[in-house]
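An overview of the molecular structure
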Amino acid sequence: MKAAIATYADTPIWVDAPEPAGGPGLVTVAMRAVPLHNLARAVADGRHYVSPASPGFVIGVDGVGVTEDGRRVYLSVPGTAAQTVTVPEEALVEVPDALDDLQAAAAMNAVMSSWMAMTVRARVRPGRTVLVLGATGGSGRPAVAVARHLGARVIAAGRNTAVLATVGADAVIDLGAPEAEIAEALRAEKIDVVVDYLWGRPAELTLAALEKRGPAEFVQIGTMAGAEIALPGALLRSTDIRLLGSGFGSFTADEVIAARPNILEAIVELGIEIDVTAVPAESVAEIWRKGHRGPTGRSHAVAGTRSAASESADSSAYTSVRCAL
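Note that residues are indexed from 1 along each chain, following the sequence as it is written. Side-chain atom pairs in this predicted model are given and counted only at pLDDT of 80 or more, local residue features only at pLDDT of at least 70, and totals for whole chains, interfaces and linings cover all residues. Values shown for side chains rest on all heavy atoms present in the structure; no hydrogens or waters enter the calculation.

This brings us to the pattern of salt bridges. A side chain of one charge can pair with a side chain of the opposite charge if their charged atoms are brought near each other. Whenever Lys or Arg places a side-chain nitrogen within 4 Å of a carboxyl oxygen from Asp or Glu, that contact is recorded as a salt bridge. This model, assessed by the stated rule, comprises 13 salt bridges. Between R72 and D101 there is a salt bridge, with the nearest N and O atoms lying 3.1 Å from each other. Here R72, found in strand β5 (residues 72-75), pairs with D101, found in helix α2 (residues 101-121); they are 29 residues apart in sequence, far enough to count as distant. Each of the two residues, R72 as well as D101, counts as buried. Secondary structure is summarised from DSSP: a helix means a run of H or I of at least four residues, a strand means a run of E of at least two, and numbering begins at the N terminus for each. Between buried and exposed lies partly exposed: a residue is buried under 20% and exposed over 50% of the maximum accessible area for its type, with that area taken using a 1.4 Å probe on protein chains only.

Here you go:
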């Protein structure tokens, strides 16, 4: 069997690896598509808080494959970028016929990030207003669709004004505008929930705009604009605001398992599609070096076990890999 192995010092490598061990309650899955999105890349490079202490592990955190009894399934477990994996039955969820392998693998993580943020960490419901910071990115665009699906009024904020005009939001805020204009636009809105893929300066401006204007929930998901912010203590004391994180550790595995069928259903219902092009899995090192960054600087990939893929140069910049058997 072959698998993509983390090295930390360099790119992952596609090499021979031991066959996965079987056992009672374990299901063998032949992998077909494994996404190398930002989460998978950060874990594989040793930069994520769930990265193992040492390299040498099989990369990948989710993917699509086929069981021995012919079921096409999505699974979210560590070490999916291999030709074969064995996982507990409860780790599997069947993929709808309307989604092909690449679409299911590429869209699931992108939609899951906002779905968990808005249904588990915060409670978005009809009548609430949701601000999506980073709405032009690969996960931010689906977040707009998810918020609308949940009945919210949606404000999309991002730098790519051409993409902002296409995301289907009720209102937009250009984060490339002067800060005074951004602050004015934020304060003109009554924001109930912030879904934040950026952090950094956009988060500082948003929190300042919310001062003394709660109640509000701020859900932090990504740090594309910076890993840290300056947050005055007085803002928290003077404002009815909840600061929340949304990621592995802030919700449980059981909550993720329960959400996955609903997420897949929403992907189909909302018509969410990811632009991907298949490339061989043995090219994972080359794809990793190129990064495939799009206009927003986002870098995503899908690595799998039958062939791999790189996305067209749009604002979400996905790269996809279906590992070759």
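Moving on from the coordinates now.
Our next topic: the layout of surface pockets. The computed volume of the second largest pocket comes to approximately 450 Å³. Lining the second largest pocket are 23 residues, and of these V61, S76, V77, P78 and F248 sit closest to its centre. Counting only elements with at least two residues in the lining of the second largest pocket, the list comes to α1 (38-45) and α8 (253-270). A per-element tally of the lining of the second largest pocket places α8 first, with four residues. Under the scheme applied here, ten amino acids are nonpolar (Ala, Val, Leu, Ile, Met, Phe, Trp, Tyr, Cys and Pro), four are charged (Asp, Glu, Lys and Arg), and all others, including Gly, are polar. By residue class, the composition of the lining of the second largest pocket is 16 nonpolar, five polar and two charged. Site definitions follow a grid-based scheme: protein atoms alone, a 1 Å grid, a 1.4 Å probe that fits but cannot get out for cavities, and for pockets an open set with protein on both sides within 12 Å along at least five of seven lines, plus lining residues having an atom within 4 Å of a point. Grid points are joined across faces, edges and corners, and a volume is the space filled by probe spheres set on the points.

Time to look at the sheet that holds strand β7 (residues 92-94). Any two strands with at least two DSSP bridges between them are considered paired. Strand order in the open sheet formed by five strands is β6-β3-β4-β5-β7, and the pairing between neighbours is antiparallel. Of all strands in the sheet, those bounded by a partner on one side alone are β6 (84-88) and β7. Between one strand axis and the next, the sheet turns by 45° as a mean value, whatever way the strands run. Both strand β3 (residues 26-33) and β6 contribute to a ladder of five bridges, which runs antiparallel. From the neighbouring strand, T28 faces β6, where its bridge partner is T86. The contact criterion used throughout is that any non-hydrogen atoms of two residues lie within 4.5 Å. Axis definition: a line fit to C-alpha positions, over the contact stretch in the case of helices; interaxial angles, taken between N-to-C directions, run 0 to 180 degrees. Running at roughly 100° to β3, α2 makes contact with β3, β4 (63-67) and β5 of the sheet. Against the sheet, α8 touches β5 and β7, its axis set at about 30° to β7.

For the rest of this paragraph, the subject is the sheet that holds strand β13 (residues 241-245). Sheet strands pair via backbone hydrogen bonds, and the direction of the pair is either parallel or antiparallel. Judged by pairing direction, the sheet is parallel, and its six strands sit side by side in the order β10-β9-β8-β11-β12-β13 without closing on themselves. Because the sheet does not close on itself, it has two edges, and the strands there are β10 (171-174) and β13. Ignoring strand direction, the axes of neighbouring strands in this sheet form an average angle of 15°. Across four bridges, strand β8 (residues 129-133) lies against strand β11 (residues 193-196) in parallel orientation. Bridging from a neighbouring strand, L131 pairs with V194 of β11.

On to the side chain of Q83. Note on placement: Q83 falls in the loop between β5 and β6. A distance of 2.9 Å separates a polar side-chain atom of Q83 from the backbone nitrogen of K2. N or O atoms within 3.5 Å of each other form a polar contact, as long as, within protein, one can give a hydrogen and the other can take it, and as long as residues adjacent in sequence are counted only when both atoms are side-chain atoms.

Turning our attention to the environment of V85. Relative to the helices and strands, V85 resides in strand β6. As a C-alpha pair, V85 and A3 span 82 residues in sequence and 9.9 Å in three-dimensional space.

In this section: unusual backbone geometry. Cis geometry marks the peptide bond from G214 to P215; its omega dihedral reads 5°. Tracing the chain through its elements places P215 in the loop between α6 (200-210) and β12 (216-220). Positive phi, normally seen in glycine, also occurs at Y8, with a value near 70°. Residue position: Y8 is located in the loop between β1 (2-5) and β2 (13-16). Taking relative accessible area as the criterion, Y8 reaches 25% and is therefore assigned partly exposed.

Moving on, we get to the confidence of the model for the chain. Interpretation of this model should avoid reading the predicted coordinates in detail wherever pLDDT is low. Summary of the metric used: pLDDT quantifies the predictor's per-residue confidence within the range 0 to 100. On average, residues of the chain score 88 in pLDDT, and 88% of them are at 70 or above. Below pLDDT 50 for its whole length, residues 292-304 participates in 76 contacts with residues either more than four positions away or in separate chains. Within the model, pLDDT remains below 50 along residues 307-325, and this stretch shows 125 contacts once partners closer than five positions in the same chain are excluded.

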